[in-house]
Structures are given as structure tokens and as C-alpha cells.
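Structural characterization, general
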Amino acid sequence: RALPENYTMQGFTQDQRFFLSWAQVWRQLAREAAVMQQLATDPHSPAEWRIKGPLSNMPEFYEAFSIPSGSPMWRAPQDRVSVW
């Protein structure tokens, strides 16, 4: 059975919960020295940018949270990466 489109759980919509779960998967607390070592030796981006990078390019993210221009997560549409 499908949930109503405007269904919320704990105050979050289904779309918001999707993006929150994405962030929780990649969240990490690291000391600055560890991050600097990772940047020098690991080909993968730090956890912070595994969250902010993809999400700041997705129109669905902006819609889900009603992010206004000027917000710290805002990236102008012409500056967002579009692969397809």
C-alpha cells in the first residue's frame, strides 16, 4: 500500500528522510590531521564532500527542504553539475 504523498514521519517527508539517510551513511567525525592525511593518501573524497557534493547538485534536494538562495547549501542552478 502506497503512502500518501504528503505523509510525514517524525516531522520529515519521505524525500527529506531519503536525503537524511544519505547523510547519515557518510557522516564521520575526524580530527583535522586525519583529514589532511586522507587528502594526501586516499583517492576518495572526505565524508563531508560525499554528502555536500552530490546533494548540492540535485534539484530534488532543494525541493525537499525548500532551500532558499543564499543558504549555506545553495548552489546556483547554472553552477550545478548535470551528468545526464
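Definitions and limits used
Residues numbered from 1 in each chain as written. Predicted model: local features only at pLDDT ≥ 70, side-chain atom pairs only at ≥ 80, totals over all residues. Heavy atoms only, no water. Axes fitted to C-alpha atoms, helices over the stretch in contact; angles between N-to-C directions. Helix = DSSP H or I, 4+ residues; strand = E, 2+ residues; numbered from the N terminus. Parallel < 35°, antiparallel > 145°, perpendicular 65-115°, else oblique. Left-handed = near helix turned anticlockwise from the far one by under 90°. Contact = heavy atoms within 4.5 Å. Nonpolar A, V, L, I, M, F, W, Y, C, P; charged D, E, K, R; others polar. Salt bridge = Lys/Arg side-chain N within 4 Å of Asp/Glu carboxyl O. Buried < 20%, exposed > 50% of the residue type's maximum accessible area, 1.4 Å probe, protein only. Polar contact = N/O pair within 3.5 Å; in protein donor to acceptor, adjacent residues only side chain to side chain.

Moving on, we come to the packing of helix α1 (residues 14–26) against helix α3 (residues 47–55). Helix-helix packing: each pair is described by the crossing angle between the helix axes and the interaxial distance. Viewed as axis vectors pointing N to C, α1 and α3 meet at an angle of 155°, and their least axial separation amounts to 8 Å. One finds that α1 runs roughly antiparallel with respect to α3. For the pair α1 and α3, the crossing hand works out as right-handed. Of the residues in α3, those touching α1 at F19, W22, A23 and W26 are A47, R50, I51, P54 and L55. Here the contact of α1 with α3 is composed, by residue class, of eight nonpolar, no polar and one charged.

Per the counting criterion, the structure on display carries one salt bridge. Across the salt bridge formed by K52 and E48, the nearest N and O atoms sit 2.6 Å from each other. Of the two residues, K52 and E48 are both situated in helix α3; the distance of four residues between them amounts to about one turn of the helix.

With respect to the helices and strands, the residue W22 is situated in helix α1. Classification of W22 by relative accessible area gives partly exposed; the value is 32%. In contact with W22, other than residues within four places in its own chain, are R50, I51, P54 and L55. A polar side-chain atom of W22 sits 3.3 Å from the main-chain carbonyl oxygen of R50.

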